Amino acid sequence: MAPVVNGKFIFAKPLQVGELAELGKTAVYDSSETINLDTVALNGSFLAKTLVLAIDPYMRGKFRDPAIKSYTPSFDLGQPISGFGVAVVLRSESDAFKPGDHVYSNTVSYAHYWVPKDTSPFTIIKNEIGLPWSTYIGVLGMPGQTAYVGWKEFSKAKKGETVFVTAAAGGVGSIVLQLAKRDGCRVIASAGTDDKVAWLRALGADVAFNYKTEDTRAVLQREGPIDIFWDNVGGETLDIGFEFARNRARFIECGMSSYKGPNPYRLKNQFFIVGKELSVNGFIVLNWLWKYGTSFYDEFPRLVKSGEIKHEEDFTYGLEKVGEAMQEVLVHGTNRAKKIIVVASN
Ligand SMILES: NC(=O)c1ccc[n+]([C@@H]2O[C@H](COP(=O)([O-])OP(=O)(O)OC[C@H]3O[C@@H](n4cnc5c(N)ncnc54)[C@H](OP(=O)(O)O)[C@@H]3O)[C@@H](O)[C@H]2O)c1
């Protein structure tokens, strides 16, 4: 077969602290190279074709100068970026993977075709219950796991307690909302558009509001106090949460999506942590899968298949559109639900 164009999404320019990803500058789509799928060297690995890719908020931090250390390595300058995705194996020299296998990991290359140097992070998805591949990087992937791990480990939820979830329409928040309802809690959920708020109501939120048009402080004053705060955004909303927390409330610090630019909001109400004896727990999902990975995969695929756990995905079609999709998730927050790039259908 003749060589085919192999488009890639390349990390081009590191971001300084507080700088926002710029379309066409931070990372660029490059279609200048071709690949021969029949002859490309595998060196004991496999040749993969990308099917679906996730755009996740944590990726923002990976566009940094590689010299700056963080909890996750930076992307490699001049190389395709990588993240959670599902690919199909086209050829293989590895005993562990065979052509036709669908593989999943957080090291999938944002390229049409690629040969991983290290095959150890990849697992084969059996998909015996026949869910779309995108499910495995959304509700059954890292976002779903994050909701499950954080809720099981830190919520200490009791029936009738009041929970506040921010960025509640997203891949993580929408699952937290449903886990809280399944545990008999009363849920207050916020999001940034009226469409998202309608989705929160459909998921069973007892109180759902658009924090851009309704005052969070007024809602929590009316509907609180809160026993559990699932925090996806940090900043001023977290500060308001401290104010309307019940004594001994649990704060689950999952993300800081409201962080934007070089002058982030500075907390003013942290003295409530002492006065109200609040528990504030941050966590990184990957550090907890040893404890919850098995039970998650025992429970969740069935709940998703049966519709007992609902989820939505916001698709962008084409690898060349990764930049636009990243702007939606990392800069503007306009993604409607879990953002997925569909690169190829099979
Ligand atoms: N701790 C962990 O291990 C872990 C793992 C996965 C994810 N997370 C964190 O969990 C949070 C939710 O993740 P997700 O995948 O479910 O994302 P997501 O909610 O699908 O997307 C991010 C959402 O954050 C909201 N947002 C608020 N302020 C924003 C701003 N200034 N810029 C951009 N977005 C803003 C937007 O929704 P609104 O319309 O509601 O504003 C946006 O849609 C993120 O903070 C992420 O970093 C943590």
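Residues numbered from 1 in each chain as written. Predicted model: local features only at pLDDT ≥ 70, side-chain atom pairs only at ≥ 80, totals over all residues. Heavy atoms only, no water.

Identification of the chain as Alcohol dehydrogenase from Russula earlei is taken from an unreviewed UniProt entry.

Let us now look at a nonpolar patch on the surface. Among the surface-exposed residues, Y71, I284 and L286 lie close enough to one another that they form a single nonpolar patch of about 300 Å² accessible area. Position of L286 relative to the elements: it lies in the loop between strand 15 (279-282) and helix 7 (289-306). (Patch = residues over 30% accessible without salt bridge, like charges linked within 9 Å, V, L, I, M, F, W, Y side chains within 5 Å. Areas by Shrake-Rupley, 256 points an atom, 1.4 Å probe, with all protein chains shown as cover. Salt bridge = Lys/Arg side-chain N within 4 Å of Asp/Glu carboxyl O. Helix = DSSP H or I, 4+ residues; strand = E, 2+ residues; numbered from the N terminus.)

By the definition in use, this model includes 23 aromatic pairs. Geometrically, the ring pair formed by F11 and F63 is edge-to-face, given 5.5 Å between the ring centres and 70 degrees between the ring planes. Of this pair, F11 sits in strand 2 (residues 8-11) while F63 sits in the loop between strand 5 (46-54) and strand 6 (82-92); the two residues are 52 residues apart in sequence, bridging distant segments of the chain. For the pair shown, F11 and F63 are each scored as buried. Chaining the aromatic ring pairs together yields one cluster made of Y148, Y292, F296, Y297 and F300. Note that K276 overlies the ring of F272, its terminal NZ or CZ placed 4.6 Å from the centroid. (Phe/Tyr/Trp six-rings, centres within 6.5 Å; stacked < 30°, edge-to-face > 60°. Buried < 20%, exposed > 50% of the residue type's maximum accessible area, 1.4 Å probe, protein only. Lys NZ or Arg CZ within 6 Å of the ring centre and 35° of its normal.)

On to helix 3 (residues 194-202), then. Listed as buried for helix 3 are K196, V197, W199 and L200. The buried side chains of helix 3 occupy one side of the element, clustering within an arc of 155 degrees when seen end-on. Seen from the open side of helix 3, the exposed residues pointing more than 90 degrees away from its buried face are D194, D195, R201 and A202. Contact partners of the buried residues in helix 3: helix 2 (173-182), strand 11 (186-191) and strand 12 (207-210). Remark: G204 follows helix 3 within two positions and exhibits a positive phi of approximately 105 degrees. (Arc of directions from axis to C-beta. Contact = heavy atoms within 4.5 Å.)

Below, the discussion takes up the domain arrangement of the chain. Taken domain by domain, the chain comprises domain 1 (4-138 + 312-342) and domain 2 (142-286). Here the C-alpha centroids of domain 1 and domain 2 sit 29 Å apart. Between domain 1 and domain 2, the contact holds 20 residues from the first and 14 residues from the second. Around 1,300 Å² of area is buried between domain 1 and domain 2 when both sides are counted, 57% of it from carbon and sulfur atoms. If you sort the residues of domain 1 by the area they bury against domain 2, G18, R60 and E312 come out on top, with a joint share of 27%. The tally of links from domain 1 across to domain 2 stands at zero salt bridges. On the surface where domain 1 and domain 2 come into contact, there are three residue pairs in polar contact (both at pLDDT 80 or more). Classifying every residue of the side of domain 1 that touches domain 2 gives 10 nonpolar, five polar and five charged. (Domains from an automatic or database assignment. Buried area = accessible area lost by both parts, 1.4 Å probe. Polar contact = N/O pair within 3.5 Å; in protein donor to acceptor, adjacent residues only side chain to side chain. Nonpolar A, V, L, I, M, F, W, Y, C, P; charged D, E, K, R; others polar.)

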